[in-house]
Amino acid sequence: MSNCAIVGINWGDEGKGRMVDLLTERYDVVIRYQGGGNAGHTVINEYGKFALHLLPSGIFRQGVLNILGNGVALDLENLWIEMEQVRSQGVPLTPENLRISDRASLLLPWHRQLDGLEEARLKDHAYGSTKQGIAPFYSDKYQKKTLLAGELFDREALKAHAAQLLEWKNLTLTGVYGAAPVRLEELMAWLDDYGEKLKPFICNTTKVLRQAQQEGKSFLYEAQLGALRDLDYGIVPYTTSSNPIAAYAPVGSGLPSASVDEVVGVVKAYSTCVGEGPFVCEMFGEEAERLRQAGAEYGAKTGRPRRVGPIDLVATRYGVEMQSATAIALTKLDVLSDLKEIPVCVRYELDGQETDEFPFPTLLNRSKPVLTTVPGWQQDISAVRRWEDLPKAAQDYVEMIEKAIGCHIAYVSVGPERDAYIYRP
Ligand code: GDP
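Residues numbered from 1 in each chain as written. Predicted model: local features only at pLDDT ≥ 70, side-chain atom pairs only at ≥ 80, totals over all residues. Heavy atoms only, no water.

This part takes up the overall build of the chain. Of the regular secondary structure elements, the chain holds 11 helices and 20 strands. The globule rule puts the C-alpha radius of gyration for 425 residues at 22 Å, and the 22 Å found for the chain is close to it. Judged by the C-alpha coordinates and their principal axes, the chain covers about 65 × 50 × 35 Å. Expressed as a percentage of its 425 residues, the buried residues of the chain come to 57%. Pairs at least 24 residues apart make up 75% of the contacts formed inside the chain by residues separated by at least 6 positions. Total accessible area on the chain stands at roughly 17900 Å², and carbon and sulfur atoms take up 50% of it. Computed over 45 positive and 56 negative side-chain charges, the inter-centroid distance for the chain is 2 Å. (Helix = DSSP H or I, 4+ residues; strand = E, 2+ residues; numbered from the N terminus. Rg over C-alpha atoms; globule rule 2.2 N^0.38 Å. Buried < 20%, exposed > 50% of the residue type's maximum accessible area, 1.4 Å probe, protein only. Contact = heavy atoms within 4.5 Å. Areas by Shrake-Rupley, 256 points an atom, 1.4 Å probe, with all protein chains shown as cover. Lys, Arg positive; Asp, Glu negative; His and termini not counted. Charge placed at Lys NZ, Arg CZ, Asp CG, Glu CD.)

Structure below.
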C-alpha cells in the first residue's frame, strides 16, 4: 500500500487537521512525526469539534493506529490533558489506538519556562513563540540533553539522568535569567505522575511500524505547520524548531526506510500567518479585518488574531517545491465567496526588479507584493460537492492557482465539516 504525507505548504493553519481527518479513512496508521503541542489542528466530525495539539488526527477513526513518533516534542502533561479532553467527548483512547515512541524526547516543564523567559528577554525582537517550550526543547535534544520516553521504565536510572540534566539546566535558569532553580523532587514528582499515566502507551514504535509494513499496511504522516516554517527551508529565524517537510516524515516517524509515495500539500485559498516575521503579501485595515472575520482567523492554540493576505503564488510555489507535493488540497475557498474582486499576489518586487522566486530569508523584508485581482463569484458555495456545480469564477480561481504552482489541485474544501469538499480526480 502506498504511504502519504499530509503537509502544510505555507505558514501553517492551512487546514491540515481537517484533511487528515478526511483521508484517514484510507490508511491504517497515522503518525505525527515532528513538532509539539504548539499545533492546533481543528477537526469537526461526529464526535464534535476538536483543536488537536499533539494527538494525531486519526484518533477518530475506528481501527486506525495512531503513533507519536520519535521526532515529536513529547509534553507528557499537555498530552495527558488533551487525552482527557478528547476522551470526555466520547473518543476512546487506549494503547489499542495510540502508541508513543520510546525514543521520543520529553519536553519538560523547564522548556516551557525558558521559552517564556527568553521571549521576555528579547522584548521587541521576540520571535512570537507560542511559549510551549518547543525551541528550548529542540535545542536540548540536539545537545543530547533530554530524557527519552523509554527512560520512564527505569526510575532509578531516570532519577540519576534527571539530576545531571537539572544541575546543568539550573545554571541557565539562575545564571542567565535570574530565575529560581528547579528542585529534583519537583521534577521527579512531575515525571512520576505523568509517566505512570502514559507508560501504557509507550513502546518501541519502530517495531510496531516494521510489523505493520510487513503486513502491507499503509501509513499517513501528519505534519504540523508548513513549509515556510521549516527549520532549514523556511523564513529563518521565524520558523519552528523542527522539520515539517514531508522528506523528514520517515525519520521522525520511527521507520526511516519507509517510503513517502504521495504528498498532499494543503494550501489555503488566501494567506494567513501567526506571529512575527516577514509576510510579504500582508493586508491591513478594513479589507484585512473582513477577511479575518470571514475566515475566523484566530489561532486554535493561542486565540491570537492571524495576519491575513491574498494567496501568495510565489511563496506557495516554493512551498510546493520544498514539500515535493504530488497533489494539493485547497481549503477555505468558501471564505472568499463575498468578494467582488479577489486580490492575488502574483510576483514579488525586490530592489526594483520583479521576481517569481521566493527570496533568501533576509531579503523578504525588502520584498513587496505585486498584486492583481480576479473576479469573485459572490454566491454561497459551501453546499457544492461537485466541480461542475462550482460557479465559473470559482473554477477559474482554482485553475489559475493550479497553473501558477504547477501541481494538481485534487481537493477543494468549501467548509470545515468532514464532507464539505469537492474531489477533482
Ligand atoms: P491546521 O493547523 O493546518 O490543521 O489548521 P487550523 O485547524 O489551525 O485552521 C484551519 C481552520 O479552518 C479550522 O478552524 C478549520 O475548521 C477551518 N477549515 C478547514 N477547512 C475549511 C474550509 O474549507 N472552509 C472553512 N470555512 N473553514 C475551514
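Now, onward.
Another aspect to go through is the site of the ligand. Taken together, 17 residues lie around the ligand, and Lys16, Gly17, Thr42, Asp334 and Ser413 are the ones closest in. Between the ligand and Thr42 there is a distance of 2.7 Å, counted from an oxygen atom to a side-chain nitrogen or oxygen. At 3.1 Å, a side-chain N or O of Arg306 approaches an oxygen atom of the ligand. In isolation the ligand exposes 590 Å². Once the protein is present, 91% of that is buried. Put simply, the parts of the chain that give the shell around the ligand at least two residues each are helix H1 (16-23) and strand E3 (41-45). (Near = heavy atom within 4 Å. Polar contact = N/O pair within 3.5 Å; in protein donor to acceptor, adjacent residues only side chain to side chain.)

Every buried residue belonging to helix H4 (residues 134-142) is among Ile134, Pro136, Phe137, Tyr138 and Asp140, and all of these are buried. Phi for Lys144, located one or two positions after H4, is positive at around 65°.

In this section: the nonpolar core. Ranked by size, the top nonpolar core spans 59 residues in total, and within it Phe219, Ile328, Leu333, Trp377 and Tyr397 carry the most contacts. For this core, the leading source of residues is helix H11 (residues 392-405), giving six residues. Lining this core are residues from two domains, each supplying at least three of them: domain 1 (4-104 + 203-264) and domain 3 (267-423). Non-local contacts of Tyr397, meaning those with residues more than four positions away in its chain, are made with Ala269, Ile311, Leu333, Leu336, Ile342, Val344, Val374 and Trp377. (Core = buried A, V, L, I, M, F, W, Y, C linked by side-chain atoms within 4.5 Å. Domains from an automatic or database assignment.)

What follows concerns the environment of Ala329. If you trace the backbone, Ala329 turns up in strand E15 (residues 327-331). In this structure Ala329 comes out as buried when scored by relative accessible area, which is 0%. Considered as a pair, Ala329 and His41 are 288 residues apart in the sequence and their alpha carbons are 15 Å apart. Not counting residues within four places of it along the chain, the set of residues in contact with Ala329 comprises Met19, Val264, Gly265, Val266, Val267 and Tyr411.

On to the pairing of strand E16 (residues 341-350), then. E16 sits mainly inside the fold: seven of its 10 residues count as buried. In this structure, strand E14 (residues 311-312) lies alongside E16, joined through two bridges in parallel fashion. Each bridged residue has a counterpart across the sheet, and for Asp312 the counterpart in E16 is Cys345. For E16 and strand E17 (residues 353-355), the ladder comprises three bridges, and the chain directions are antiparallel. Looking across to E17, one finds that Glu349 is bridged to Glu354. (Pairing = 2+ DSSP bridges.)

Our next topic: the packing of aromatic side chains. Within the structure shown, the criterion is met by 13 aromatic pairs. A centroid spacing of 6.5 Å and a plane angle of 45° characterise the contact between Tyr33 and Tyr248, whose relative ring orientation is tilted. With a gap of 215 residues between them, Tyr33 in the loop between strand E2 (29-32) and E3 and Tyr248 in the loop between strand E10 (219-226) and helix H8 (249-253) connect regions that are remote in the sequence. Exposure class is identical for Tyr33 and Tyr248. Each is buried. Between Tyr411 and Tyr421, the ring centres sit 6.2 Å apart and the planes meet at 50°, which makes this aromatic pair tilted. (Phe/Tyr/Trp six-rings, centres within 6.5 Å; stacked < 30°, edge-to-face > 60°.)

This brings us to the domain arrangement of the chain. We note that the domain assignment places domain 1 (4-104 + 203-264), domain 2 (109-198) and domain 3 (267-423) within the chain. Summarising the inter-unit geometry, the C-alpha centres of domain 2 and domain 3 are found 38 Å apart. Of the roughly 340 Å² buried between domain 2 and domain 3, counting both surfaces, carbon and sulfur atoms make up 54%. Where domain 2 touches domain 3, the interface holds zero salt bridges. Seen at the junction of domain 2 and domain 3, the total is zero residue pairs in polar contact (both at pLDDT 80 or more). Grouping the constituent residues of the side of domain 2 that touches domain 3 by class yields two nonpolar, four polar and no charged. (Buried area = accessible area lost by both parts, 1.4 Å probe. Salt bridge = Lys/Arg side-chain N within 4 Å of Asp/Glu carboxyl O. Nonpolar A, V, L, I, M, F, W, Y, C, P; charged D, E, K, R; others polar.)

Once that is clear, we can look at the side chain of Gln323. Inspection of the secondary structure assignment puts Gln323 in helix H10 (residues 313-323). A relative accessible area of 2% means that Gln323 is categorised as buried. Of the polar contacts made by the side chain of Gln323, one reaches the backbone oxygen of Gly8; its length is 2.8 Å. Residues contacting Gln323, with those up to four places away along its chain left out, are Val7, Gly8, Ile9, Gly226, Ala227, Pro244, Ile245, Ala246 and Val263.

Right, let's get into helix H9 (residues 285-294). In an α-helix there are 3.6 residues to a turn, and that puts residues three or four apart on one side. Within H9, burial applies to Ala288, Leu291 and Arg292. Angular distribution of buried residues about the axis of H9 spans 100°; they occupy a single face of the element. Away from its buried face by more than 90 degrees, H9 exposes Glu286, Arg290 and Gln293. The elements touched by buried residues of H9 are strand E13 (307-309). Ala296 occupies a position one or two residues after H9 and carries a positive phi of about 45°. (Arc of directions from axis to C-beta.)

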